[in-house]
Amino acid sequence: MYEFDWSSIPGALPFLWQGMRISLEITLTAIGVGILWGTLLALMRLSKLRLLGWFAAAYVNLFRAVPLVMVLLWFFLIVPQLLEKLLGLPSGSDARLSSAIVGFALFESAYYSEIIRAGIQSVPKGQASAAFALGMTYGQTMRLVVLPQAFRNMVPLLLTQAIILFQDTSLVYVSALADFFGAAYKVGDRDGRLVELLLFAGAVYFAICYSASLLVKRFHKGAGA
Amino acid sequence: MISIRHVSKHYGSFQVLTDCSTEVAKGEAIVVCGPSGSGKSTLIKCVNGLEPFQQGEIWLDGISVGDPKTSLPKLRAHVGMVFQNFELFPHMSIIGNLTVAQVKVLGRTLDESADKGLKLLDRVGLKPQANKFPGQLSGGQQQRVAIARALCMDPVCMLFDEPTSALDPEMINEVLDVMVELAREGMTMMVVTHEMGFARKVANRVIFMDHGRIIEDAGKEEFFGTPRSERAQVFLSKILQH
């Protein structure tokens, strides 16, 4: 029978917290960039300009058809060298975090753009007509009339996607980056207590994601949607 | 004010408008009627460029609508339009609906816009509702707000696209009353509607459309007296028996 020994966790908490901060940093940046870039992609996809539409469709299809782990590895292998060249950083400087963030942001944008596209399409066409009829430009119509309504309809989906994204940040372990999962793995490996640390990490992920999903549900009900 | 010259429009091979021509002089109120699918809503949406057209010309206050060099936002800023489904912005309060375009399009200050908005809201009898949201108002009230919203822009003319057809019967009159008053004050109006009572009261001319063509374009006495086309007669007999 396996004997559990949790004693290595309390001492490792500061290190694990550092890892959690990296996880959150990746999640929040990817959400921010994902929504901005995703909105642009969605607008391109819905635009009458064919070239933009094709570009956005190709982008979304590419990223949605490739496993996230592979995207992260590509970025881990390519982006640091690119950044070194572009920014003139000394070679060997640690760009793992920035490459992970860039990879996530670009990958998540593809998913966000599809959610946002559906959100934009959920706003009745007459709303845009009314805005145009008042003399608004395309940009004003989107910014003042269509997108606010689209985002209000999308909030539950965007939050759900954010929860998935938070879980997926654990995949950065492929670049040996000490996010929360990576940190837990390192501690467990060092102390020979891998099972305990991974159970603990799993419990933390569960607690965070489950309570977040309850919040989303409540919000959904509160919004009367 | 509005000059429609030989306008044709098609979606692919489907012809929506065929060689439509008419004029609306300053201060005139014109009613456009016809069976559904006759192209009347499409025609009125061509006037402010919400729908593009392939042939012909539309001139509005001396500006060619179809000219690619024409700035449509600038043109539309002074052409009021009222829609069948009101299309108030549900995420803004009533006063927000009335001020947003004044501020963002005309560059007025918020105070100035709010003053103007409240004045026009008062005119349509809804000043007490200024801080409510569109969802809290009845259909008739929403449509009156929509008219006030269009008037806030100091339009040179007003386009109405079936303004009462989404309303419950008991709310139709409150909207028509506002429109009658507008027409009597000399607003240039082009109104797509089946409300023949409204046409009798204030229209200078009635245009009858069918299958994308203007079949009849006559003064109201003439139109209600002896419509020349058989199709207009059939149409009138169908909607007037109620």
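Overview of the structure. (Residues numbered from 1 in each chain as written. Chains lettered and ligands numbered in written order. Predicted model: local features only at pLDDT ≥ 70, side-chain atom pairs only at ≥ 80, totals over all residues. Heavy atoms only, no water.)

## Focus on the layout of surface pockets
Here is the rule we go by: Throughout, the protein atoms alone are placed on a 1 Å grid, and a set of points is a cavity if a 1.4 Å probe fits but cannot get out or a pocket if it is open with protein on both sides within 12 Å along at least five of seven lines; lining residues have an atom within 4 Å of a point. Grid points are joined across faces, edges and corners, and a volume is the space filled by probe spheres set on the points. Working definition: helices are DSSP H or I runs of at least four residues, strands are E runs of at least two. Numbering for both runs from the N terminus. Residues were grouped as follows: Ala, Val, Leu, Ile, Met, Phe, Trp, Tyr, Cys and Pro as nonpolar; Asp, Glu, Lys and Arg as charged; and all remaining residues, including Gly, as polar.
The computed volume of the largest pocket comes to approximately 1200 Å³. Elements with a contribution of two residues or more to the lining of the largest pocket: α4 (96-121), α5 (125-133) and α6 (138-168) of chain A together with α2 (72-76) of chain B. Among the elements that take part in the lining of the largest pocket, α5(A) stands out by supplying 5 residues, more than any other. Tallied by class, the residues present in the lining of the largest pocket amount to 17 nonpolar, 10 polar and 7 charged.

## Here we look at the packing of helix α3 (residues 94-104) of chain B against helix α5 (residues 139-151) of chain B
All names here are of chain B. We count it as follows: Angles shown run from 0 to 180 degrees and are taken between the N-to-C directions of axes, each axis being a line fitted to C-alpha atoms and, for helices, limited to the stretch in contact. The scheme is simple: roughly parallel for angles under 35 degrees, roughly antiparallel for over 145, roughly perpendicular for 65 to 115, oblique for anything else. In a left-handed crossing the near helix is turned counterclockwise from the far helix by less than a right angle, and in a right-handed crossing that turn is clockwise. Two residues form a contact once any of their heavy atoms are found within 4.5 Å.
Taken N-terminus to C-terminus, the directions of α3 and α5 make an angle of 25°; their axes are 8 Å apart at the nearest point. Judged on the interaxial angle alone, α5 and α3 are roughly parallel. In this structure, α3 meets α5 at a crossing whose hand is right-handed. Touching Ile94, Asn97 and Leu98 of α3 are Val145, Ala148 and Arg149, all from α5. Residue classes in the contact of α3 with α5 are distributed as 4 nonpolar, 1 polar and 1 charged.

## Quick word on unusual backbone geometry
Residue and element names in this part refer to chain B. Phi angles above zero are rare outside glycine, and Asp19 is one such case at about 50°. The residue Glu87 is not glycine, and still its phi comes out positive at about 55°. Along the chain, Glu87 falls in the loop between β6 (79-82) and α3.

## Details of the sheet that holds strand β2 (residues 14-24) of chain B
Residues and elements named next belong to chain B. For the record, the criterion: Here, strands pair whenever DSSP counts at least two bridges between them.
With antiparallel pairing, 4 strands are arranged side by side in an open sheet as β2-β1-β4-β5. Every other strand in the sheet has two partners, leaving β2 and β5 (63-64) as the edge strands with one partner each. Sheet analysis places strand β4 (residues 55-60) next to β5, joined by 2 bridges and oriented antiparallel. Following the sheet pairing, Trp59 is matched in β5 by Ser64.

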